Amino acid sequence: MPFSVQIDFSRPVPLIVGPASVLMPHSELQLLVHDAATRQITGALRATASGRAAPPLVVATATIAGQGQRRAQPRLRGTVCVGLVMEKHEVGNALQRVLLHGVCRGIIRSIIEPSGGRAYRSALLEPLETVGDSKRIVRRAVESALEILDTEPMQHMRAARGMRRAVAKVSRAWAVDVLASQFVLEPEARYRLLEEPETAVRARLMLEHVRRLGCFFSQAHLQSWSQWPKGLSWN
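Residues numbered from 1 in each chain as written. Predicted model: local features only at pLDDT ≥ 70, side-chain atom pairs only at ≥ 80, totals over all residues. Heavy atoms only, no water.

Considering the side chain of Arg77
Where we set the bar: Numbering of helices and strands runs from the N terminus, with a helix taken as a DSSP run of H or I at least four residues long and a strand as a DSSP run of E at least two residues long. Whether a residue is buried, partly exposed or exposed follows from its accessible area with a 1.4 Å probe, protein chains only, as a fraction of its type maximum: under 20%, in between, or over 50%, in that order. Whether two residues are in contact is decided by their heavy atoms: any pair within 4.5 Å suffices.
With respect to the secondary-structure elements, Arg77 resides in the loop between β3 (57-63) and β4 (79-92). Residue classification places Arg77 among the buried residues on the basis of a relative accessible area of 18%. If sequence neighbours within four positions are ignored, Arg77 has contacts with Thr63, Ile64, Ala65, Ile108, Glu188 and Tyr191.

Shown next as C-alpha cells:
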C-alpha cells in the first residue's frame with residue numbers, strides 16, 4: 001500500500017544496481033540478490049532485540065546504461081527510484097529475497113565509489129520534480145485504465161482485481177505510478193515512465209500500455225478458453 005515518507009537528500013544514498021528491475025514510486029518490488037555489494041547494504045536490516053523488524057533502509061535502485069557492460073562498476077542511468085528496503089529473507093545458496101518499496105524519483109548528481117570496507121556505490125541525489133501537471137488529463141487516464149481493468153477478460157488477471165479500491169486511497173498522480181508498476185512490464189518502458197517528470201505524460205504512457213494489455217486479454221477471451229477440455233488447447 002503506498003505511503004508517504006520524508007527522504008533526506010542531503011545524505012548519500014546506497015545504490016542497489018540492476019540491469020533490468022525498475023522499481024516504481026508508490027509500489028513494491030521483490031528482488032533476488034546474491035552480489036556482495038547489495039548483501040552488505042541489506043546487512044544493516046536486522047531484527048531488533050525484541051524480535052521486531054528494524055526501521056526500513058533508504059536506498060536507490062539504479063539501472064545500468066547500455067547492454068553487455070562487464071565492468072565492475074558500469075555506467076549508470078541518471079534517474080533512480082528512491083525507496084525503502086522493507087524486508088529481507090535468506091533463501092539458500094547465498095541468495096536473498098529483498099522487498100523494496102518505492103517512494104520517489106531522484107536524479108544522480110554525483111557517485112561515491114566503493115572504498116575501504118564499503119563494497120557498494122552511493123550517490124548524492126536531488127529529487128526529480130514534477131512539472132506541467134494537468135489534473136484533468138491525469139484523472140481521465142486513470143479512470144480510462146480502471147474501466148479497462150474492470151472488464152470481464154481483464155478480471156482474470158489477479159493484479160486487476162481490486163485495483164479500483166487500491167487507487168481510490170491515493171492521489172491520481174500516485175495512482176498513475178501504482179497502475180504503471182502493475183501493468184507496464186517491459187523494463188525499458190518502465191524506465192521511460194520513471195524518468196519522465198510530467199505526470200500527464202506518464203499518465204498517457206500508462207494508459208497506452210493498459211489499452212494494449214486489454215486488447216490482448218480481449219482477443220484471448222474470444223478463444224473460449226473456458227470450454228477447452230482439461231489439459232488441452234484448441235490452438
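From this point, the narrative continues.
Here's the deal with the pattern of salt bridges
This is how it is decided: Only one rule defines a salt bridge in this text: a Lys or Arg side-chain nitrogen within 4 Å of an Asp or Glu carboxyl oxygen.
As enumerated under the stated definition, the model contains 10 salt bridges in all. In this structure, Arg164 and Asp150 form a salt bridge, with 2.8 Å as the shortest nitrogen-oxygen distance. You can see Arg164 sitting in helix α3 (residues 163-167) and its partner Asp150 sitting in the loop between α2 (135-149) and α3, a full 14 residues away along the chain. Owing to a relative accessible area of 32%, Arg164 belongs among the partly exposed residues under this scheme. Asp150 gets classed as partly exposed once you look at its relative accessible area, which sits at 40%. Taken together, the salt bridges that share partners define one network made up of Arg105, Asp177 and Arg202.

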